[in-house]
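Take a look at the letters that make up each chain.
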Amino acid sequence: MREKAVEHLMVAAKLNPQNGAAFRYLGHYYALVSPEPQRALKCYQRAVSLNPEDSDAGEAICDLLDEEGKESLVLAVCRGASEMSARAFWAFCRLGYLLAHQKKWSEAIQSLQYAIRGFPTCADLWETLGLAYQRMGMLTAALKSYARAVELDDSRVFALIESGNISLMLSSFRKGIEQFQQALNISSHNVSAQYGLGSALLGLAKECVNMGALKWGSSLLEEASEVAMRGTSLAANFSCLWKLHGDIQLIYARCYTWTPTHADEISFSTSISTWKRNCFIAARNSRRSYQRALHLAPWLANIYADVAIASDLCLSLKESPEEELNVWSVAEKMCIGGILLEGYNEEFWVALGCLSDHIPLKQHALIRGLQLDVSLAVAWAYLGKLYREEDEKQLAQQAFDSARSIEPSLALPWAGMSADASTRNIDQNEAYECCLRAIQTFPLAEFQVGLAKLALHSSYLSSSEVFGAIQQALLRVPDYPESHNLNGLVCESRSDYQSAITSYRLARCALKSFEDESSISHVTDVSINLARSLCMAGNARDAVEECEYLRQKGHLDSKGLQIYALCLWQLGKNDMALSMTRSLASSILSMEENDAAASISFICRLLYHISGQDSAIVSILKMPTELFHGSKISFIVSAIHVLDQQNQLEAIVSRSRSFVTSREDIIAMHILITLGKLLKNGHEDSLGIQKGVDHLRKALHMYPNSSVLRNLLSYLLLSSKEWRDLRLATRCSFLDLSEHPKDGGMKSACEILGAVTVACYETASNNEKFSIPICGHQQPFVSGSIKLLQKFLHQEPWNRNARYLLTLNCLQKAREERFPVHVCRVLERLTAVSLSNRCLSTEDTLSQYQNFQLLLCAAEVNLQQGNNNECSRLARSALGSSVHNSYLFFAHLLLCRAYAAEDDTVSLRKEYRRCLELGTDFHIGWICLKFIESRYGLQDDSSVLLSSFEDCSKDDQHSRHMWMALFNMVQGLVAIWFGDFVAAEELFAQACSLADGESCLLLCHGAICMELARQKCESQYISHAIRSLKKAKNTSPNRLPIVSLLLAQAEASLGSKSKWEINIHDEWFSWPPERKPAEILFQMHLLSTQRKDVYMSSSLDYGDTSIRWILRAIHTNPSCSRYWRFLLKDMPY
């Protein structure tokens, strides 16, 4: 049968020489049945030449050539087929594999990309393409290719391991850990996966340590050590695994953290011993692993350096190191061993310079490293450190500068620059910034302790950077007493006195291990710090015991005496406190200037609290005047002078203020002077705000960029309750969220702006399309204030004042927009969150007032939405707040409105009478009550409400005139409701005379006069109207609509056609183009009928016929029959 098949195939090939299938099958016969390789090759070659896409023939000819070792012919066949057809995917696939085998990665990538088009689900192709990408450095593309290979076949260990290696190169350690773990799940004994997982864990641990997450880094290192040991058990003769284990253990020994313990000597000593022992064991394991790696690969010079570093660390952690005189240390020997192998490697010379104990050898090694590479920044940095230790400050400075200029990211030169601040003549703030940069580059414990030392002399002690640095240093060098002492000072600056007490006690425990003379002074300093923290924490009794112990030892200095006297005063032992004060005063002359100033300040303050203001003033007057030559004492004396109405310390204060020189102190002194102006120029329950404002304005001329002075001035302007001051308050504020004051006693610009926005009763919309500005005091900052308060609240979500002010500003916005649904929903959420805050349930006055206002806000929102019952419930809840009756008035007023909405006249009258009984100091409350009284006929005795309203304005004449004008306006509106325009005209005339220049009142008066002239046909009312309307037009800050229209009608009534035209023209430009009313269009129609020339119409950009004006008027207001009549009259037939 086979012979017949071959005969038929031969006949078919002869009959159709272009039939590639016949040649393919003949090739199969000669290759598999009748072993004739040469004839099979020819048949296959013929089949491929006829059909390059024939994968069976192509693969068969490549297999035959590959068996014969003819790789070049395989390449030629594949290239030929791929060139003849772009769909010869078998050829591209085979060609890609061959090129990858020959490491021709660029050509392999092209072939593999074509092959993948034909075989997109072939995992081998994706894996090979990923390898080619990786060798070409295209790491992202390689990761994607490996990921596709794993997606198609999740058992691809090679793809997972290589993906993990690429992730390590890209510092994506978490992703690398996942990939290596996935590979180990498939092949748990794969050494490469074990090595990769250990390396990934080591890299992630380094990241954690650099970020300060020491404990997390330690746990990762423990896991990495276990992985490395599993690898060594699988392949004990791999030196790289032993080196990896040594690296892990070395870093673990350096970052292993101390566990804080109780502040007693036994517990502390035990914890320190445990910490040291664990660190030593890790360092010893690291050294042994390096030695094992060196045994397996003694030709690797870098392992010698690793052994040297681990040996030096072991020696430093050994509790009782053996002293070997005149003998080379192990670290020095190993460094020299590496140098013998690679003497040209500058890094080994630097290692020898760092680890050697011999100063000449250290210097020689570092200089030799620089001879090999003069741009080696590390060598310059350590050379600068060596010179600094040898007190060669000039050489040290030059070496550090060279290192920093070569490599600015190196930490040691920046730390050296901060340490040599006095030599370089740089200030403390710059030194602090240099040390902070060193820590950000390399968080070494010594650098972190140095940062805390520098912060002691600056304003950064309570900053988060210093707090985080000293906390990390404490965990890494717990046996260093100064780290505990500095941690206590940092905690004390952050008002965490309990933590400070614990740190000081631990510092004293750490000092017990030192027996030199300097430790005695350190113990004294720590004990004084401890006594101070105990005093600040309210534990005066324990602080007295500490001070008494120091006094018995003779170690109680001026600072200790101050603490001792203060604690005695807190315990009520005033006589003993005064005795300590006298002891302190007797030693002032022998003190340094700063200590003397601090002691005098303390004596003055303590005398003020114990004996009173008069006694303190008498004592100050008895002191020598030269003792008050200092800025600190100047503040104390000035503070007492502020409270003295008789100004007995005027001479001393004026002399001492000349010693206040720094900008910050001068600004603080101006604030203190302002407080004195407020107190001394006030009367009864009010402050002399105007005097304080005047002084701050003068101070701002000298310091215009001071945010503190600006915000204080804004706060005083806001507190003055003068309408004209509200706009000035927002202009003075320093709106910068990044400089928000931390002091709770000062108001921020955000809080001032939020308060100013709700302090103005103007309700005009901020949308220019719908607004008509008529008030000179209108605040255009509402939307901006809301955005600013939102940012403020986002920065400090715990700040209840920010949330409270944001709620009130949103309520103001809702009032302006007539309570839209979306704003009401926002208000409901804000009030719900604020009222659910437990802080508002406290008993302090401010919290109660805020709670009351939030309840009223929620009630107002429900009233506007028609939820009258809920409004009444919230208003009654507000009545339960512990606030003044003047505020409770508004809760009853809101109940009046709720009952009026329900037509409950009985309850309405009851709440109205309750409002009259309680009364209020706020004019707006009486004005609202007047509206309710008039609308619902609740007048019992109108003189009661008027007299109560007048009592609110007794102090300030300007405000009294303005508020009385508003009250007259309200009465005038009530008269209009009842149709009594004569009385309304009289009331508005009185309002205009009281509030001279208020265009709104003048407009209303002119309109009423026009209506009276229409009703009574008396020309005097026309004259009154013209006078008021002209004044309104001239005094308005902007073009005021309607005024010119009414004025045009009044002038036309008197027969002045020219003035009528001028006012109509002015009225036209008083309206925005999209808001022109129908009446002004109708007046323009009348004007166009009177003037036939095109000047008026062309200047106003409209047509030249009067018909178009009347048509536009009708289009704007089609319900006006008067317009239709004029249209019919003027329409041509």
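To start, this report covers the structure provided alongside it.

Rules used throughout
- Residues numbered from 1 in each chain as written.
- Predicted model: local features only at pLDDT ≥ 70, side-chain atom pairs only at ≥ 80, totals over all residues.
- Heavy atoms only, no water.
- Helix = DSSP H or I, 4+ residues; strand = E, 2+ residues; numbered from the N terminus.
- Buried < 20%, exposed > 50% of the residue type's maximum accessible area, 1.4 Å probe, protein only.
- Contact = heavy atoms within 4.5 Å.
- Axes fitted to C-alpha atoms, helices over the stretch in contact; angles between N-to-C directions.
- Parallel < 35°, antiparallel > 145°, perpendicular 65-115°, else oblique.
- Left-handed = near helix turned anticlockwise from the far one by under 90°.
- Polar contact = N/O pair within 3.5 Å; in protein donor to acceptor, adjacent residues only side chain to side chain.
- Salt bridge = Lys/Arg side-chain N within 4 Å of Asp/Glu carboxyl O.
- Patch = residues over 30% accessible without salt bridge, like charges linked within 9 Å, V, L, I, M, F, W, Y side chains within 5 Å.
- Areas by Shrake-Rupley, 256 points an atom, 1.4 Å probe, with all protein chains shown as cover.

**Points about the environment of Gln570**
With respect to the helices and strands, the residue Gln570 is situated in helix α31 (residues 558-570). The class for Gln570 is partly exposed, based on a relative accessible area of 39%. Every residue in contact with Gln570, bar those within four places of it in the chain, is listed here: Cys535 and Ala540.

**With respect to the packing of helix α14 (residues 239-255) against helix α16 (residues 301-317)**
Relative orientation of the contacting elements α14 and α16 amounts to 30 degrees, with a least axis distance of 11 Å. In terms of axis orientation, α14 runs roughly parallel to α16. Here α14 runs over α16; the crossing is left-handed. Counted together, Lys243, Leu250, Ala253 and Arg254 of α14 and Asn302, Ile303, Asp306, Ile309, Ala310 and Leu313 of α16 form the full contact between these two elements.

**Section: the side chain of Asp644**
Following the sequence through the fold, Asp644 ends up in the loop between α35 (631-643) and α36 (650-656). On the basis of relative accessible area, Asp644 is assigned to the buried category, the value being 3%. A polar contact is formed between the side chain of Asp644 and the backbone nitrogen of Gln646, at a distance of 3.1 Å.

**Examining the pattern of salt bridges**
Counted according to the given criterion, the structure contains 23 salt bridges. Where Asp420 meets Arg388, a salt bridge forms, and the shortest distance between an N and an O atom there is 2.6 Å. Taken together, the positions of Asp420 in the loop between α22 (411-419) and α23 (421-424) and Arg388 in helix α20 (residues 377-389) put the pair 32 residues apart, joining distant regions of the chain. What makes Asp420 buried here is its relative accessible area of 4%. Taking relative accessible area as the criterion, Arg388 reaches 37% and is therefore assigned partly exposed.

**Let's talk about a nonpolar patch on the surface**
Among the surface-exposed residues, Leu643, Leu679 and Leu687 lie close enough to one another that they form a single nonpolar patch of about 250 Å² accessible area. Residue position: Leu679 is located in helix α37 (residues 663-680). Residue Leu679 is classed as partly exposed on the basis of its relative accessible area of 39%.

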